[in-house]
Amino acid sequence: MVSANSPSPKEVESNEKWGEGDSSRQAKWWYSTFHTVTAMIGAGVLSLPYAMAYLGWGPGTMALALSWCMTLNTMWQMIQLHECVPGTRFDRYVDLGRHAFGPKLGPWIVLPQQLIVQVGCDIVYMVTGGKCLKKFMEMACESCTPIRQSYWILIFGALHFFLSQLPNFNSVAGVSLAAAVMSLSYSTIAWAGSLSHGRVDNVSYGYKNSSPADYMFRVFNALGQISFAFAGHAVVLEIQATIPSTPEKPSRIPMWKGAVGAYFINAICYFPVALIGYWAFGQDVEDNVLMALKRPGWLIAAANLMVVVHVIGSYQVYAMPVFAMLERMMVKRLNFPPGLTLRLVTRSAYVAFTLFVGVTFPFFGDLLGFFGGFGFAPTSYFLPSIMWLVIKKPKRFSPKWFINWACIFVGVFIMLASTIGGFRNIVTDASTYSFYT
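Note that the structure is a prediction, hence the values are computed from the model and not measured.

Reading the values: rules and limits
Residues numbered from 1 in each chain as written. Predicted model: local features only at pLDDT ≥ 70, side-chain atom pairs only at ≥ 80, totals over all residues. Heavy atoms only, no water. Helix = DSSP H or I, 4+ residues; strand = E, 2+ residues; numbered from the N terminus. Buried < 20%, exposed > 50% of the residue type's maximum accessible area, 1.4 Å probe, protein only. Contact = heavy atoms within 4.5 Å. Expected span 1.5 Å × (residues − 1). Patch = residues over 30% accessible without salt bridge, like charges linked within 9 Å, V, L, I, M, F, W, Y side chains within 5 Å. Areas by Shrake-Rupley, 256 points an atom, 1.4 Å probe, with all protein chains shown as cover. Salt bridge = Lys/Arg side-chain N within 4 Å of Asp/Glu carboxyl O. Polar contact = N/O pair within 3.5 Å; in protein donor to acceptor, adjacent residues only side chain to side chain. Axes fitted to C-alpha atoms, helices over the stretch in contact; angles between N-to-C directions. Parallel < 35°, antiparallel > 145°, perpendicular 65-115°, else oblique. Left-handed = near helix turned anticlockwise from the far one by under 90°. Nonpolar A, V, L, I, M, F, W, Y, C, P; charged D, E, K, R; others polar. Core = buried A, V, L, I, M, F, W, Y, C linked by side-chain atoms within 4.5 Å. Phe/Tyr/Trp six-rings, centres within 6.5 Å; stacked < 30°, edge-to-face > 60°. Lys NZ or Arg CZ within 6 Å of the ring centre and 35° of its normal. pLDDT = per-residue confidence, 0-100.

S.K.: Looking at this model, I keep getting lost on the overall build of the protein chain. Mind explaining?
M.R.: Broken down by element type, the protein chain carries 15 helices and zero strands. Taking all 437 residues of the protein chain together, 58% fall into the buried category. The long-range share in the protein chain, meaning contacts at least 24 apart out of those at least 6 apart in sequence, stands at 86%.

Following this line, the structure appears as structure tokens:
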């Protein structure tokens, strides 16, 4: 393993020195707030009442609160580790993984998990954008001829063939800010609409009637849906890399300030939606709580349009690091000349891939659970803790040592349980689904 005080030559070469001169490092602390909000608060918030329906009041509230605290701690660790070697900045998750686990093992541990998160998010956002666009049009124009859901997903995906040509994070700052505002707005509409709707007749908070095996897998999937809601870690280092840094004022100070702001917004979105949505609809709540709300029509239609705007920004926030990786690979491995043609080919191919998978498997709740466990639990819950133990080496049996090992054990359980639950539910639901309808 590589020592925390002696970066390898590759690390020094691949990471830029501190400095204010780089034009890509001019972001302010509030940039990190709305980029993190856009990355974290997305489709997952609308499924939280559905997760509560399987977990119940006590376990569901505890799982949500524990996830909030654990992921805030691991985000703090990521921010601190960004500049854990003086004079070097780990601008990508894989760079930090290479430093912690070695130049050969590091990429194999970190890169697959990060790609699962980023690609998984973009697939889910394709489905979410198409579904909410369809719902908006049905409410805004009741006399219009209904169009297949697959077509709406294709319409939503078409937007990203154009937006994907924007060069970097700073170029999507305006889209990201609009997305962050939209996320706060539609989350507020979701819980306020549920509160205004009131409890449905004969509401039940009991556990759903199903076979013990099916119920167990659905509970596992619910844990994955909650972990999907805490997704910003996969791009936190890329976001921090846009902030200028000097030895006197390292980037971790403004980045942590922005992250705390993002988690505050996270809390005022997640907890009311989860608790009030479950209170209003009980065990019969849908996997997207907005779909259960119908009045006032104009407000619910507006909320669905806000979700569309938000996931447009979220898609780009998660896609930008993938674009950069694909373009580096094309240049280094295939000697593809950098330029407009490279960007057009690689980015369009990626958008087409996520669009195809989203149209083929539009199971919103099941996708959340599967990707939440398979990719989000490692990157958000326990990989930062493992890297902290390897790099910082806290004293054995100290509070920090116990906290990190607790995060690792809880995160590994969530990863295994929700991956199994989500995959099983996708298979079960696909057996009764007519594809491309």
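S.K.: Explain helix α11 (residues 252–281) here, please?
M.R.: Helical geometry note: an α-helix holds 3.6 residues per turn, so side chains three or four residues apart project in the same direction. Helix length check: α11, at 30 residues, gives a terminal C-alpha distance of 42 Å against a target of 44 Å (1.5 Å per residue), a fit within 8%. In the segment just after α11, Gly-282 is the residue with positive phi, at about 60°.

S.K.: When you look at a nonpolar patch on the surface in this model, what are you seeing that I'm missing?
M.R.: A surface patch of nonpolar side chains, about 260 Å² in accessible area, is lined by Ile-147, Tyr-151 and Leu-154. Relative to the elements of secondary structure, Leu-154 occurs in helix α7 (residues 149–163). Under the relative-accessibility criterion, Leu-154 is labelled partly exposed at 38%.

S.K.: I tried to follow the side chain of Thr-128 on my own but got confused; where do I start?
M.R.: Looking at the element boundaries, Thr-128 is found in helix α6 (residues 105–140). Residue classification places Thr-128 among the buried residues on the basis of a relative accessible area of 1%. For Thr-128, the side chain forms a polar contact with the main-chain oxygen of Val-124, separated by 2.8 Å.

S.K.: When you look at the pattern of salt bridges in this model, what are you seeing that I'm missing?
M.R.: It is possible for side chains bearing opposite charge to pair when their charged atoms get close. Here the structure, examined in full by the defined rule, presents five salt bridges. A salt bridge links Lys-134 to Glu-138, with the shortest nitrogen-to-oxygen separation between them at 2.6 Å. Of this pair, Lys-134 and Glu-138 are both found in helix α6, four residues apart, which corresponds to roughly one turn of the helix. Residue class for Glu-138 comes out partly exposed when judged on its relative accessible area of 36%.

S.K.: Explain the packing of helix α12 (residues 297–334) against helix α13 (residues 340–360) here, please?
M.R.: Packed helix pairs are characterised by how far apart their axes lie and by the angle those axes make with each other. Orientation of α12 relative to α13, taken along the N-to-C sense of each, is 130°, at an axis distance of 10 Å. In terms of orientation, α12 lies oblique with respect to α13. Of the two possible hands of crossing, α12 and α13 adopt the one that is right-handed. Contacts from Tyr-315, Ala-319, Met-320, Val-322, Phe-323, Leu-326, Glu-327, Met-330 and Val-331 in α12 reach Leu-342, Arg-343, Thr-346, Arg-347, Tyr-350, Val-351 and Thr-354 in α13. Of the residues in the contact of α12 with α13, the class split is 11 nonpolar, two polar and three charged.

S.K.: Would you mind showing me how to read the packing of helix α4 (residues 57–81) against α11 here?
M.R.: For the pair α4 and α11, interaxial distance at closest approach is 11 Å and the crossing angle is 170°. Here α4 is positioned roughly antiparallel relative to α11, judged by the angle of their axes. Across the contact of α4 with α11, the residue classes break down as 19 nonpolar, four polar and one charged.

S.K.: Which parts of the structure should I look at to understand the nonpolar core?
M.R.: Among the nonpolar cores identified, the biggest contains 113 residues, and Leu-96, Ile-226, Phe-230, Tyr-270 and Tyr-318 are the most heavily contacted of them. With 15 residues, α12 is the single largest residue contributor to this core. Sequence-distant contacts of Phe-230, defined by excluding residues within four places in its chain, comprise Met-40, Leu-64, Ser-67, Trp-68, Thr-71, Tyr-263, Asn-266, Tyr-270, Phe-376, Ser-380 and Tyr-381.

S.K.: What is the right way to look at the environment of Leu-66 in this model?
M.R.: Position of Leu-66 relative to the elements: it lies in helix α4. Linking Leu-66 and Cys-407, residues 341 residues apart in sequence, is a C-alpha distance of 9.9 Å.

S.K.: Got a minute to help me understand the packing of aromatic side chains in this structure?
M.R.: Aromatic ring pairs are described here by two measures, namely the spacing of the ring centres and the angle between the planes. For the coordinates displayed, the defined rule picks out 11 aromatic pairs. When the centroid spacing of 6.1 Å and the interplanar angle of 40° are considered together, the rings of Phe-397 and Phe-402 count as tilted. Taken together through their ring pairs, the aromatic side chains of Phe-397, Trp-401, Phe-402, Trp-405 and Phe-409 make up a single cluster. The side chain of Lys-392 reaches across the aromatic face of Trp-388, ending 5.7 Å from its centre.

S.K.: Teacher, can you tell me more about the confidence of the model for the protein chain here?
M.R.: Regions with low pLDDT should not have their predicted coordinates read in detail. Of all residues in the protein chain, 84% have pLDDT values of 70 or greater, and the mean over the chain is 78. The least confident element of the protein chain is helix α1 (residues 9–14), whose mean pLDDT is 44; the most confident is α4, at 89. Within the model, pLDDT remains below 50 along residues 1–6, and this stretch shows 13 contacts once partners closer than five positions in the same chain are excluded.

S.K.: For this particular structure, what's the right way to read the environment of Ala-292?
M.R.: Take Ala-292: it is sitting in the loop between α11 and α12. Given the relative accessible area of 15%, Ala-292 is considered buried. Placed 95 residues apart in sequence, Ala-292 and His-197 show a C-alpha to C-alpha distance of 9.9 Å. If sequence neighbours within four positions are ignored, Ala-292 has contacts with Phe-281 and Glu-286.

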